[in-house]
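Residue-level structure breakdown
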Amino acid sequence: MKLAIILAILLILTGGCSTVQPSGTIKTAISGTQELVLNEQDLQQIGMVNDFNEQDLQQLGITSNGTNCWTDEEYTNIVDSSLGQYSICSYIINSLNDTQVIIELQKFANYEALNGSYQYGSLHYYSIEGLISENDYGDQSRFRVNNVNDYGGQYNDPNVYYYHLWICKKEYLIHITSKGSSKEAKEYIAKIGQRILSKFE
C-alpha cells in the first residue's frame, strides 16, 4: 500500500512539473539563414514559384541540381572577416512572367559587421531619387527602385525596373531585389519582406 501511495505521489509530482504546449504554438528562435528561405506555402500565398532556369542560377553561383537556393554555412563577411551564414535564392513572379526575384539572406557575427555591410550595400551607388521608403520594415530598412541618377543609371534600360528592399532584423540582413518590366513588382517585394519578417515572430 505504501509503495502504491509513493508511486502515485511521484507521478503527480513529475506530471505536475512537465508543461505541455499546444501543438503549433511552439516558436523557436531563428538559428540560420535557411530558416528564412521561402517555403512552398509562402510562395503560394505571395504568388511566386522557384526559378529553375539554369542560366539564371549559374549567374548567381547556384550550381546544385534541382534547387533554386544555395547556402554557405561558413560565409566570411567582407567588412571584418567574421564568420556568418549566407543564402541566396531565385524566384519568378507568376503573373509577371519576365520578373525575377532574388533573395539574399546574411547572418552576421555581430551588429558592427551587419551595420557596415548594410550601409555599404543599401547606399553605395544609389541616388536619393529612387528611395520609396525608409524604416517601414523596422529600423534600418530601405526600399527603392532604380533611377537615372544612380551611379551608371543612365545606361539602364528605362523599361526595366529594379526594386531593392533591405531589412535588418537581429543579426540578419535581408536583401530582396527584382528585375522586370512591371511596376507591379513593387507590391510583391513588399509582401516578401513582410513574409520573411513574420518568421521571426
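The shown structure was predicted, so the numbers you read here are calculated from the model rather than taken from an experiment. (Residues numbered from 1 in each chain as written. Predicted model: local features only at pLDDT ≥ 70, side-chain atom pairs only at ≥ 80, totals over all residues. Heavy atoms only, no water.)

**Some thoughts on the environment of Ser 141**
- Within the secondary structure layout, Ser 141 lies in strand E6 (residues 141-145).
- It is 9.2 Å that separates the C-alpha atoms of Ser 141 and Tyr 118, two residues lying 23 residues apart in sequence.
- Polar contacts involving the side chain of Ser 141 include one to the main-chain amide nitrogen of Asp 136, which spans 3.3 Å.
- Here the side chain of Ser 141 touches Gly 138 through a polar contact of 3.2 Å, landing on its backbone oxygen. (Helix = DSSP H or I, 4+ residues; strand = E, 2+ residues; numbered from the N terminus. Polar contact = N/O pair within 3.5 Å; in protein donor to acceptor, adjacent residues only side chain to side chain.)

**Thoughts on the confidence of the model for the protein**
- Averaged over all residues, the pLDDT of the protein is 83; the fraction at 70 or higher stands at 85%.
- With pLDDT under 50 throughout, residues 1-25 is counted as low confidence; its partners more than four residues away or in other chains account for one contact. (pLDDT = per-residue confidence, 0-100. Contact = heavy atoms within 4.5 Å.)

**Here's the deal with helix H4 (residues 111-123)**
- The end-to-end C-alpha separation of H4 is 18 Å, in line with the 18 Å expected for 13 residues at 1.5 Å each.
- Residues Ala 113, Leu 114, Ser 117, Tyr 118 and Ser 122 constitute the buried set of H4. Down the axis of H4, the smallest arc covering the buried residues is 130 degrees, so these residues share one side.
- Looking at the buried positions of H4, the neighbouring elements they touch are strand E4 (100-107), E6, strand E7 (161-169) and strand E8 (172-180). (Expected span 1.5 Å × (residues − 1). Buried < 20%, exposed > 50% of the residue type's maximum accessible area, 1.4 Å probe, protein only. Arc of directions from axis to C-beta.)

**A closer look at the pairing of E7**
- For E6 and E7, the ladder comprises five bridges, and the chain directions are antiparallel. Bridging across to E7, Arg 144 finds its partner in His 164.
- In this structure, E7 lies alongside E8, joined through nine bridges in antiparallel fashion. Each bridged residue has a counterpart across the sheet, and for His 164 the counterpart in E8 is Thr 177.
- In this antiparallel pair of consecutive strands, E7 and E8, the connection spans two residues, and Lys 170 shows a positive phi of 55 degrees. (Pairing = 2+ DSSP bridges.)

**Section: helix H5 (residues 185-198)**
- In this model H5 runs 20 Å from its N-terminal to its C-terminal C-alpha over 14 residues, within 8% of the 20 Å that 1.5 Å per residue would give.
- Considered for burial, the residues of H5 that qualify are Ala 185, Tyr 188, Ile 189, Ala 190, Ile 192, Gly 193, Ile 196 and Leu 197.

**What about the environment of Phe 143?**
- Tracing the backbone through its elements, the reader meets Phe 143 in strand E6.
- For the pair Phe 143 and Leu 131, spaced 12 residues apart in the sequence, the C-alpha separation amounts to 6.2 Å.
- Other than its neighbours up to four places away in sequence, Phe 143 contacts Gly 130, Leu 131, Ile 132, Ser 133, Tyr 137, Tyr 163, His 164, Leu 165, Lys 186, Ile 189 and Ala 190.

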